[in-house]
Amino acid sequence: MWVVATLLFLILRIVPGDPAELLLSGGGVAPSPAAVAELRERLGLTRPVLAQYAEFLGRVLRGDLGVSLLDQHAVGEEVARRLPRTLELILAAAILAVAIGLPLGVLAAVRRGRAADRLLSTVASFNLSMPVFVTGTLLVLVFAQTLRWVPAGGFVAWTQDPAGHLVYLLMPAITIAIGLSTVIFRMTRAAVLETLERDWVRTARAKGLAPGPVLRRHVVRNAMGPVLTVLALHMGTLLGGTVLVEYVFNWPGLSGYLVRAVEQRDYPEVQGIVLVICAIFVLLNLAVDLLYAVLDPRVRH
Amino acid sequence: MKRRTFLTGSATTVLAASALPRRAGAQAKTRLVFALSSYPPSIRPWQNTGTAAATVKLAIYRGLLGYDPKGEVRGELAESWKRENDRTWIFTLKSGIRFQDGEPVNAEAVKYSFDQMLGDKSTAYLKGQYAALVDKLEPVNARTVRFVLKEPSATFGYLLASVHSPIISPKSSEANAVGAGPYRLGDVERGTRLDLEAFDGFHRKSRPKTKSLRFIAYADENLRVAALRAGDVDIIEYVPWQSMESIEKNPKLALDAVDGPFMYLVFNTQQGPFTNAKLRQAVAYAIRRDDIVKAAFFGRGSVLGGLPIPKGSPFYDPELANYWKTDPARVKSLLAEAGMPNGFKAALLSTAQYGMHKDTAEVVQQSLAAVGVQVELQLPDWATRVALGNKGQYDFAVMGTVGDFNDPDSLTGFVGSGQTASYNRSFGYGNAKVDDLLAKGRAELDPAKRKQIYRQAERLALDDAAMVGLAWRSQGYAMQKSVKGFKNMPGFLTFYSGLTLEDAEAV
């Protein structure tokens, strides 16, 4: 984490662009240099870089992510508000993706080479090659603009309107789930196919177990390992990678916040967000390792 | 297979059920929803933080003067004003009006606001201009203020009408300013939306017409249009040019567009090829401006072959406005005169972050390739482009902006010298004669004489090719047909359209 923090700090300051200048030059106007100098002074950007670095590390160690250069809003507070939204989006997408991808993957593996498998695999490769902004825009076009079933995008809090919240969540979650379910589908299909060839499956069948229990207990459970790894990796990437979906659906999550912070060169915000994303990535991998143990008793030893 | 049918089935039910609550909410007309192109970085009263912020600021804060929907200066907090002599202006405030915190709007509040704007630590956008112009500000009595200027000024009224010089309550500070505008700030979801509630003590009776306003930021232009079509929002700003035609054809929607902002080229006159005015001229005569209007703005705009003086302005001169026409023969002779008959190489700075900047740069590149000038495009992100522009690290660059007000004095910001380097004017350019004329024009109060002065200044700046105009671009707002009263203001004032939100209602 220290390495990440330091790299982040350095890269941000090497990238050209001055936050004070940018804040005062919205709409293509020229800020007066005196005002820019004044703002730089006020924002603490005139101090030596090393002093800024020391202060930054000290703050991070105390768990304080600092305040935005733009409006002195606490970064920690904003991350705390937006992170759950992105997590919720990713989680909803993951649940949808597993609910679709896993059963279909098993189905395709069991019916390998037959019509169902071929159809599913074709759809899957089609889905995989569709970028989210195309899927998202199509969904908006069909369901919001033409059918007018759902709003074109946006967000309301759980506390204000739970039903409305789910409506807003649905389209971005589906958009991510379409791509993610394909990944899960393909991984499941491959893993199940491999497991089906194993000796213990043959043994189970030989001793007269019904096909259902064989599939459930001996095949799918053993095939879950790689599927889970892939899912976790993808979810980790999605933490910072839902930008396009958040953008297309105006979902006020963490990635959109990160992009805006980078555009405005809001150093404390970028640092705070990336650090939190890194921390979660590490935690996610830990969680997956623990889940392995639950799924596969052999790992526990 | 069964599970799959179940899944699609349940998804449809959820979708259908979810449509109900939204429909009911869309009927309410006590609230107008306005889609902004970006979330305002800050709505501090005197800082210029962009056009989206300006729209919100105009709903919350007001200054001594403002504009009516036709773009004429009118009294806002001031009821009347007169010039005592060349340098002294007297303002009488409306009687009995209050700020949103209940404090009276009086001469002390005006003094307080100007003291803050001109303070040492102030980052006010107009600080420099006011500091250079205002000698004394004296409260005469509770309702009367006297401004004594250092020199006569034809543009002082425009400065006071600027969105960047509102008067705030003396009980508030810049960080948490309380204004006297038609709406007060309510619930805010940072980065997403701002809710505003009508201020019942607004100085114009029976305004605002709508009880509450909601600003939602839709950064994606296509989603902004989709939200309008879906009925999620009532008004959108920055209508993308490619969507203008379909909005015009939609019976439920209305488009209100004016030619306001403009695109132009700035040059590095300190180093590189464009230190030579002949080469700047050659570029000006080489560009196919029609193609820019077509390629970057889908035909929504018009060519700008001179300096940016809007067409409706009394200072508009058709001859000077079309000074540069595409003329390959002229380019050839200019190149030969500059000693480069076979063309030269130059780098053009623009940004890939905004399509209109990139598309404009590409047309410029092609136009110049046709006359043997090889242009290499530099397309960093906006932040980098601004920094490079301010430091003068470029040969020439594409820019797009508006003037501060519909008066030729706006040209000072683009062709005047003695100001510090900025990405929105040519780096290092200065012509003492132009400066003299601009100063003379500012201090001259007779409109006929001002016209003559600015003609001369324009001619000089055009000869120098201090900046090269490319195109006016159409700036559009779109709204539901049911929305009445909201209007796109003319020319450079298009970004002041937020003023008319006080008249807006959905019927």
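Predicted model only: the values in this text are computed from it and were never measured. (Residues numbered from 1 in each chain as written. Chains lettered and ligands numbered in written order. Predicted model: local features only at pLDDT ≥ 70, side-chain atom pairs only at ≥ 80, totals over all residues. Heavy atoms only, no water.)

Chemist: Where do I start with the domain arrangement of chain A in this structure?
Modeler: It is common to give the size of an interface as the accessible area lost on bringing the parts into contact. Residues and elements named next belong to chain A. For chain A, the assigned domains read domain 1 (2–61) and domain 2 (81–300). For domain 1 versus domain 2, the distance between C-alpha centres works out to 37 Å. Counting residues at the interface gives 14 residues for domain 1, matched by nine residues for domain 2. In this assembly, domain 1 packs against domain 2 so that about 1100 Å² is buried in total across both faces, 71% of it on carbon and sulfur atoms. Remark: the boundary between domain 1 and domain 2 carries zero salt bridges. Counting residues per element, the ones that place at least two in the side of domain 1 that touches domain 2 are helix H1 (2–14), helix H2 (19–23) and helix H4 (49–61). (Domains from an automatic or database assignment. Contact = heavy atoms within 4.5 Å. Buried area = accessible area lost by both parts, 1.4 Å probe. Salt bridge = Lys/Arg side-chain N within 4 Å of Asp/Glu carboxyl O. Helix = DSSP H or I, 4+ residues; strand = E, 2+ residues; numbered from the N terminus.)

Chemist: Would you mind going over the environment of B:Gly392 with me for this structure?
Modeler: All names here are of chain B. In this structure, Gly392 sits in the loop between helix H13 (382–391) and strand E16 (396–401). Each C-alpha atom, one on Gly392 and one on Gln270, is 8.4 Å from the other, the two residues being 122 residues apart in sequence. In contact with Gly392, other than residues within four places in its own chain, are Asn268 and Phe427.

Chemist: I'm lost on the pairing of E16(B) in this one. Help?
Modeler: Regular strands show a simple pattern: their side chains alternate between the two faces of the sheet. Residues and elements named next belong to chain B. Judged by how many residues are buried, E16 sits mostly within the fold: six of six residues are covered. The alternating pattern of E16 places Phe396, Val398 and Gly400 on one face and Ala397, Met399 and Thr401 on the opposite face, and all of these are buried. When strand E12 (residues 253–267) meets E16, the two strands line up antiparallel, connected through six bridges. Looking at the pairing, Leu265 lines up with Val398 of E16. Sheet topology note: the strand E14 (residues 345–349)/E16 ladder contains two bridges and is parallel. Bridge assignment links Leu349 to a residue of E16, and that residue is Ala397. (Buried < 20%, exposed > 50% of the residue type's maximum accessible area, 1.4 Å probe, protein only. Pairing = 2+ DSSP bridges.)

Chemist: Got a minute to help me understand a nonpolar patch on the surface in this structure?
Modeler: A cluster of nonpolar side chains, namely A:Trp2, A:Val3, A:Leu7 and A:Ile11, defines an oily patch on the protein surface of about 440 Å² accessible area. Topologically, A:Val3 is positioned in helix H1. (Patch = residues over 30% accessible without salt bridge, like charges linked within 9 Å, V, L, I, M, F, W, Y side chains within 5 Å. Areas by Shrake-Rupley, 256 points an atom, 1.4 Å probe, with all protein chains shown as cover.)

Chemist: Whenever I open this one, the nonpolar core confuses me. Can you help?
Modeler: Where a protein is soluble and globular, its nonpolar side chains tend to be buried together. Formed by 154 residues in total, the largest nonpolar core has its most connected members in B:Leu265, B:Ile292, B:Val364, B:Phe396 and B:Val415. Two domains each provide a minimum of three residues to this core, namely domain 1 (2–61) and domain 2 (81–300) of chain A. When near neighbours in sequence (up to four residues on either side) are disregarded, B:Val415 contacts B:Tyr429, B:Val434, B:Asp435, B:Leu438, B:Ala461, B:Ala466 and B:Met467. Within the second largest apolar cluster, 68 residues are counted, among which are B:Tyr67, B:Ala124, B:Val178 and B:Ala506. (Core = buried A, V, L, I, M, F, W, Y, C linked by side-chain atoms within 4.5 Å.)

Chemist: Whenever I open this one, the packing of aromatic side chains confuses me. Can you help?
Modeler: The description of two aromatic rings rests on the distance between their centres and on the angle between their planes. All names here are of chain B. Applying the stated criterion to the full structure yields 30 aromatic pairs over all chains. Ring geometry for Trp89 versus Phe156: centroids 5.2 Å apart, planes at 75°, classification edge-to-face. With Trp89 in strand E5 (residues 88–93) and Phe156 in helix H5 (residues 156–161), this pair connects stretches of sequence that are 67 residues apart. Here Trp89 falls in the buried class, since its relative accessible area comes to 8%. Measuring from centroid to centroid gives 5.5 Å for Tyr354 and Trp382, while their planes differ by 75°, and the two rings are edge-to-face. Linking Tyr354 in the loop between E14 and helix H12 (355–369) with Trp382 in helix H13, this pair joins segments that are 28 residues apart in sequence. Judged by relative accessible area, which is 35%, Tyr354 ranks as partly exposed. By way of ring pairs, the aromatic residues Trp89, Phe91, Phe114, Tyr130, Phe147 and Phe156 are connected into one cluster. (Phe/Tyr/Trp six-rings, centres within 6.5 Å; stacked < 30°, edge-to-face > 60°.)

Chemist: What should I look at first to understand the packing of helix H9 (residues 289–297) of chain B against H12(B) in this one?
Modeler: Each packed pair of helices is defined by two parameters, the angle between the axes and the distance between the axes. All names here are of chain B. The N-to-C vectors of H9 and H12 enclose an angle of 145°; their axes lie 9 Å apart at closest approach. Classified by chirality, the crossing of H12 by H9 is right-handed. Here Asp291, Ile292, Ala295, Ala296 and Phe297 of H9 come into contact with H12, specifically with Met356, Asp359, Thr360, Val363 and Val364. Here the contact of H9 with H12 is built from residues that sort into seven nonpolar, one polar and two charged. (Axes fitted to C-alpha atoms, helices over the stretch in contact; angles between N-to-C directions. Left-handed = near helix turned anticlockwise from the far one by under 90°. Nonpolar A, V, L, I, M, F, W, Y, C, P; charged D, E, K, R; others polar.)

Chemist: Can you walk me through unusual backbone geometry in this structure?
Modeler: Phi is mostly negative for residues that are not glycine, and the peptide bonds are mostly trans. Residues and elements named next belong to chain B. Look at the link from Arg207 to Pro208: it is a cis peptide, with omega at -5°. Along the polypeptide, Pro208 turns up in the loop between strand E9 (193–198) and strand E10 (212–217). A positive phi angle, near 50°, is found at Ala465, a position not held by glycine. Structurally, Ala465 is set in the loop between helix H16 (447–464) and strand E17 (468–480). For Ala465, a relative accessible area of 0% translates into the label buried.

Chemist: I keep staring at the pattern of salt bridges and nothing clicks. Help me out?
Modeler: Where side chains of opposite charge bring their charged atoms close, a pairing between them can arise. Counting across every chain of the model gives 35 salt bridges over all chains. For B:Arg74, the salt bridge is made with B:Glu502, and the minimal N-O distance between the two is 3.9 Å. Residue B:Arg74 is located in strand E3 (residues 73–75), and its partner B:Glu502 is located in the loop between strand E18 (483–484) and strand E19 (505–506); the two are separated by 428 residues in the primary sequence. Measuring nitrogen to oxygen at the nearest pair gives 3.0 Å for the salt bridge that ties B:Glu248 to B:Arg300. Placement of B:Glu248 in helix H7 (residues 244–249) and of B:Arg300 in the loop between H9 and strand E13 (301–303) is noted, with a sequence separation of 52 residues between them. Connected through salt bridges with shared partners, the residues A:Glu78, A:Arg81, A:Arg82, A:Arg85, A:Glu269, B:Glu189 and B:Arg190 form a single ionic network.

Chemist: Hey, could you run me through helix H6 (residues 115–128) of chain A in this one?
Modeler: One turn of the α-helix equals 3.6 residues, which is why residues spaced by three or four share an orientation. All names here are of chain A. For H6, with 14 residues, the first-to-last C-alpha span of 20 Å sits near the 20 Å given by 1.5 Å per residue. Of the positions making up H6, those classed as buried are Asp117, Leu120, Ala124 and Asn127. Take H6 and look down its axis: the buried residues cluster within an arc of 95°, on one side only. Opposite the packed face of H6, turned more than 90 degrees from it, sit the exposed residues Ala115, Arg118, Thr122 and Phe126. (Expected span 1.5 Å × (residues − 1). Arc of directions from axis to C-beta.)

Chemist: Hey, could you run me through the sheet that holds strand E4 (residues 78–85) of chain B in this one?
Modeler: Pairing between the strands of a sheet is mediated by backbone hydrogen bonds and can be parallel or antiparallel. Residues and elements named next belong to chain B. Pairing within the open sheet is antiparallel, and its four strands lie in the order E4-E5-E7-E6. The open sheet is flanked by E4 and strand E6 (134–141), the only strands paired with a single partner. The mean inter-strand angle of the sheet, taken between neighbouring strand axes irrespective of direction, is 20°. Where helix H3 (residues 107–117) meets the sheet, its contacts fall on E5, E6 and strand E7 (144–149), and the angle it forms with E6 comes to roughly 160°.

Chemist: Got a minute to help me understand the side chain of B:Asp395 in this structure?
Modeler: Residue and element names in this part refer to chain B. The topology assignment puts Asp395 in the loop between H13 and E16. No salt bridge is formed by the buried Asp395, whose closest oppositely charged neighbour, Lys345, lies at an N-O distance of 11 Å. Residues contacting Asp395, with those up to four places away along its chain left out, are Phe267, Asn268, Gly272, Pro273, Phe274, Ala346 and Ala347. (Lys, Arg positive; Asp, Glu negative; His and termini not counted.)

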